[in-house]
2 protein chains.
Amino acid sequence: MFKPYPNFTDIQKAQKEVYRFLKPTPLHFYPELSQLVNASIWIKHENHHAVGAFKVRGGVNLAAHLTLEERQTGLFTASTGNHGQSIAFAGQVTNTCVTIAVPNGANPTKVAAMRSLGAEVIFAGQDFDEAREWIAHQAIINGTRFIGPTEPELISGVGTYALEILKDLPDVEVIIVPVGAGSGACGVCLVAKTINPAIVVIAVQAEKAPAAYLFWKNGQSAAAKMETFAEGLATRVPFPNTQAIMRHPTKGINDFVLVSELEMKQAIILLLEHTHNLAEAAGAAALAAALKIKERLIGKKVVLVVSGGNLSIEGLRQILS
Amino acid sequence: MFKPYPNFTDIQKAQKEVYRFLKPTPLHFYPELSQLVNASIWIKHENHHAVGAFKVRGGVNLAAHLTLEERQTGLFTASTGNHGQSIAFAGQVTNTCVTIAVPNGANPTKVAAMRSLGAEVIFAGQDFDEAREWIAHQAIINGTRFIGPTEPELISGVGTYALEILKDLPDVEVIIVPVGAGSGACGVCLVAKTINPAIVVIAVQAEKAPAAYLFWKNGQSAAAKMETFAEGLATRVPFPNTQAIMRHPTKGINDFVLVSELEMKQAIILLLEHTHNLAEAAGAAALAAALKIKERLIGKKVVLVVSGGNLSIEGLRQILS
């Protein structure tokens, strides 16, 4: 199903809703990472939201656009991680009911986090796709709104972080952004290419989950494995509306880089060491990409988008050992 | 040497200088920590500054008050960690020369961080006190300003984070703040007790480095061990001007809690798990204290000040294992 996509004005309008409940996140310069990459490295700290991820901006914007009736029947979505927490947070601050389907055996810590934010969590199906199909069907039966990962209001909301980047560093030359479903990359493209088309936007995905990369490159779906430990990048299918933006001849991304599991793990450790931020693999992917293509970044002003800290203590322990 | 201490108006004035170079840090509510403590737990994220610590506010404010001549001859200080990085950052953004003495064998990562921020780093002496005495003497010889940890301009600058707490959560009931030299606790006291004297301010120190605690309790210096791994709390001597504020009958702190090494390590893991923030021991001390005195916090609105992420990868690995 093709959904319409928002434009720059929609993102500007979203600011009003987003900043009712959220504050701008910092853009910090890191001297030591700059030395490592041989460029000027800034990090956009989308991990500094209370729920640790940029998606909360989209959730808040979407919730603000519901009718009173929609608000009462609420939002239905499926998630195992950041998306669910973000929609739950949006529901809490906008007084909107949120129901989230998670697969059987979902991580108890994440389930607890969603419930702590007031969401109703229902176990349904053996994996994420089964949970998503079940809740989408429930939404139809109940006449409520099912929230997919690339709703136009979500893209408009998350695009506000790109406005913040351009405000804080107007002469940014390169922005590197991780791609799951692609809402973040689309927000960055729509903002950066409108304000200054010379800004280079580079998307990142895991070598072990290249569905969006393959569609972007070839213009058609291909059988793609989905074996990465980077949950935030683990999409099995490309989404038509975000692909339409990412592949746009003038508004789209300039390049798409794949990173390995090892490269993401190394980037997690570098972020811990030099910025003292715990990122999950998706959060560290932009740094991994910058190191991979460093010969193309020499001397440039580069912003890395870091979002997502849903790394378990056990997962961190394994990476460190 | 007794230094005068600032008042509420000095902190209000410091905002102008602080916000020229820094942005307010977030105050986030954490549902899961709230369940653990059985109170409403907010965290004031002073670890979200680029250098990871609240002290940078003081450095920026102090640098702004120098004369042109002082700015050229610059600031002399001694540090092995957050203080040095904060003063180096302040020097960089205010175009002020900064010279930092560190003991021989100082952590190379921290030395590199200070140098990345443009500071001149000089190795002097076998431990921190020797480095400090040497650089203080150099400052006298050179006619430059030596920066101790409790200068009035530092306290005024760091006090701005307390103004942010009161703005974001006007009905806060308890603020728990770690104490090294005491500038942070003093900033909190001067603000909270001026705006609402009913706010309870609780200071925290390590059981293994109780110098400030013992002076606060007894009104006189006592031989105190200094064996904690919490560098940010590792002060050997109490400072007269911060003690004068902390012991003040109406403006002072309400209580002082000591936490064990194990309690701080457990709090580091809880912060990683529930907030995805890497804190050093001093940064986790407020959570450790809240858990220790949880029966006194039931149902209250509590702010924990988290500052400092200078935990090495090796240190983290040990705590996790």
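Counting restarts for each chain, with residues numbered from 1 along the sequence as it is written. Numbering of ligands from 1 and lettering of chains from A proceed in the order in which they are written. It should be noted that, the model being predicted, local features are given only for residues of pLDDT at least 70 and side-chain atom pairs only at 80 or more, the latter also being counted only at that level, while totals for whole chains, interfaces and linings use all residues. Excluded from the side-chain calculation are hydrogens and water; included are all heavy atoms of the structure.

### What to know about the interface of chain B and chain A
Then, in step 1: Any two residues having at least one pair of non-hydrogen atoms within 4.5 Å are treated as being in contact. If you look at the interface, chain B gives 27 residues, while chain A gives 27 residues.
Then, in step 2: A simple way to read buried area is as the amount of 1.4 Å-probe accessible surface that goes missing from two parts once joined, with both sides added. Both faces considered, chain B and chain A share a buried interface measuring about 2600 Å² in area, 59% of it formed by carbon and sulfur atoms.
Then, in step 3: A per-residue breakdown of the area chain B buries against chain A is headed by H276, I313 and L320 of chain B, which together make up 23% of the total.
Then, in step 4: Between Lys or Arg on one side and Asp or Glu on the other, a salt bridge is scored when a side-chain nitrogen of the former is within 4 Å of a carboxyl oxygen of the latter. If you look at where chain B meets chain A, you find two salt bridges.
Then, in step 5: The closest approach of N and O atoms between K23 of chain B and D168 of chain A, which form a salt bridge, is 2.8 Å.
Then, in step 6: For this analysis, a polar contact is any N or O atom pair within 3.5 Å, provided that within protein one partner can donate a hydrogen and the other can accept it, and provided that sequence-adjacent residues contribute only side-chain to side-chain pairs. Counting every contact that joins chain B to chain A gives eleven residue pairs in polar contact (both at pLDDT 80 or more).

### Topic: the sheet that holds strand β4 (residues 98–102) of chain B
Residue and element names in this part refer to chain B.
Then, in step 1: Each pair of strands is called paired provided DSSP finds at least two bridges between the two strands. By the criteria applied, helices consist of DSSP H or I runs no shorter than four residues and strands consist of E runs no shorter than two, each listed in order from the N terminus. Taken in spatial order, the four strands make up an open sheet running β5-β4-β3-β6, and their pairing is parallel. A single partner strand is all that each edge strand has here, and the edge strands are β5 (120–123) and β6 (145–146).
Then, in step 2: Running over the sheet, helix α5 (residues 82–94) touches β3 (75–78) and β4 and is turned about 165° from β4. The axes are straight lines fitted to the C-alpha atoms, using for helices just the contacting stretch, and the angles between their N-to-C directions are given from 0 to 180°.

### Here we look at the sheet that holds strand β3 (residues 75–78) of chain A
Residue and element names in this part refer to chain A.
Then, in step 1: An order of β5-β4-β3-β6 is seen for the four strands of this open sheet, with the pairing classed as parallel. The open sheet terminates on both sides in strands that have one partner only, identified here as β5 (120–123) and β6 (145–146).
Then, in step 2: In the packing of helix α6 (residues 108–116) onto the sheet, the strands contacted are β4 (98–102) and β5, and the crossing angle to β5 comes to about 145°.
Then, in step 3: Running over the sheet, helix α7 (residues 128–142) touches β3, β4, β5 and β6 and is turned about 165° from β3.

### Comments concerning the packing of helix α13 (residues 261–275) of chain A against helix α15 (residues 313–320) of chain A
Axes are the key here: two packed helices are described by the angle between their axes and the distance separating the axes.
All names here are of chain A.
Then, in step 1: Their axes nearest at 10 Å, the elements α13 and α15 cross at an angle of 100°. Considering the angle they form, α13 stands roughly perpendicular to α15. Counting all contacts with α13, which are made through K265, I268, I269 and L272, the residues of α15 involved are L316, I319 and L320. Here is the rule for angles: anything less than 35 degrees is roughly parallel, anything more than 145 is roughly antiparallel, 65 through 115 is roughly perpendicular, and the remaining ranges are oblique.

### Looking at the relation of the copies chain B and chain A
Then, in step 1: By a simple turn and slide, chain B fits onto chain A: the slide is 0.0 Å along the axis, the RMSD is 0.0 Å, and the turn is 180°. What we have between these two chains is a two-fold relation.
Then, in step 2: Most of the interface of chain B is mirrored in chain A, where 100% of its interface residues are also at the interface. In superposing the copies, a least-squares fit is computed on C-alpha atoms, taking residues whose pLDDT is at least 70 in both.

### Regarding the side chain of H274 of chain B
All names here are of chain B.
Then, in step 1: Mapped onto the fold, H274 is located in helix α13 (residues 261–275).
Then, in step 2: Residue classification places H274 among the buried residues on the basis of a relative accessible area of 16%.
Then, in step 3: The contacts of H274, once residues within four sequence positions are left out, are Y30, E32, L33 and L36. Only protein chains enter the accessibility calculation, which uses a 1.4 Å probe; a residue whose area is less than 20% of its type maximum is buried, one above 50% is exposed, and one in between is partly exposed.

### Brief notes about the pairing of strand β10 (residues 301–306) of chain B
Residues and elements named next belong to chain B.
Then, in step 1: For β10, the buried fraction is high: five of the six residues fall into the buried class.
Then, in step 2: Two elements, strand β2 (residues 40–45) and β10, share six bridges in a ladder whose sense is parallel. Among the inter-strand pairings, I41 is bridged to a residue of β10, identified as V302.
Then, in step 3: In this structure, strand β7 (residues 174–178) lies alongside β10, joined through three bridges in parallel fashion. Following the sheet pairing, I176 is matched in β10 by L304.

### Remarks on the packing of aromatic side chains
Then, in step 1: In this scheme Phe, Tyr and Trp rings, the latter by its six-membered ring, pair at centre separations within 6.5 Å, and the angle between planes marks the pair as stacked below 30 degrees, edge-to-face above 60, and tilted otherwise. Per the stated rule, a full pass over the model turns up eight aromatic pairs over all chains.
Then, in step 2: Centre to centre, the rings of W216 of chain A and F256 of chain A are 5.7 Å apart; their planes meet at 55°, and the pair counts as tilted. In this pair, W216 of chain A is assigned in helix α11 (residues 211–218) and F256 of chain A in strand β9 (residues 255–259), connecting sequence segments 40 residues apart. Accessibility classification places W216 of chain A together with F256 of chain A in one group, the buried group.
Then, in step 3: An angle of 80° between the planes, with centres 5.9 Å apart, marks the rings of F54 of chain B and Y161 of chain B as edge-to-face. Taken as a pair, F54 of chain B in the loop between β2 and α3 (55–64) and Y161 of chain B in helix α9 (residues 160–168) lie far apart in primary sequence, 107 residues in all. Side by side, F54 of chain B and Y161 of chain B carry an identical accessibility label, which is buried.
Then, in step 4: These aromatic residues form a ring-pair network of at least three members: Y213, W216 and F256 of chain A.
Then, in step 5: Here, a charge over a ring means that NZ of Lys or CZ of Arg falls within 6 Å of the ring centre while also lying within 35 degrees of the ring normal. Seen from the ring of F229 of chain A, K265 of chain A lies directly overhead, with NZ or CZ sitting 5.1 Å from the centre.

### Overview of the pattern of salt bridges
Then, in step 1: Per the stated rule, a full pass over the model turns up 26 salt bridges over all chains.
Then, in step 2: For K44 of chain B, the salt bridge is made with E164 of chain B, and the minimal N-O distance between the two is 2.7 Å. Here K44 of chain B is found in strand β2, whereas its partner E164 of chain B is found in helix α9, with 120 residues between them in sequence. Take K44 of chain B and E164 of chain B: they sit in the same class, and that class is buried.
Then, in step 3: In this structure, a network of salt bridges that share partners links the residues K44, E46, R57 and E164 of chain A.

### Section: the packing of helix α1 (residues 8–21) of chain A against helix α9 (residues 160–168) of chain A
Residues and elements named next belong to chain A.
Then, in step 1: The contact between α1 and α9 brings their axes to 9 Å, and the two run at 95°. Taken as axis vectors, α1 and α9 run roughly perpendicular relative to one another. From α1, F8, I11, Q12, A14, Q15, V18 and Y19 reach across to α9, where they touch T160, L163 and E164.
Then, in step 2: When its residues are assigned to classes, the contact of α1 with α9 shows six nonpolar, three polar and one charged. In this count, Pro and Cys sit with the nonpolar residues alongside Ala, Val, Leu, Ile, Met, Phe, Trp and Tyr, while Asp, Glu, Lys and Arg are called charged and the others, Gly among them, polar.

### Considerations on the pairing of β2 of chain B
Two faces make up the sheet, and in a regular strand the side chains alternate between them.
All names here are of chain B.
Then, in step 1: With five of its six residues buried, β2 lies for the most part within the structure.
Then, in step 2: With three bridges connecting them, strand β1 (residues 27–29) and β2 associate as antiparallel partners. Within β2, the residue paired with F29 across the bridge is W42.

### A closer look at the environment of N61 of chain B
Residues and elements named next belong to chain B.
Then, in step 1: Position of N61 among the secondary structure elements: in helix α3.
Then, in step 2: For the pair formed by N61 and Q15, sequence separation is 46 residues and the distance between their alpha carbons is 8.4 Å.
Then, in step 3: The contacts of N61, once residues within four sequence positions are left out, are A14, E17, V18, E153, S156 and G157.

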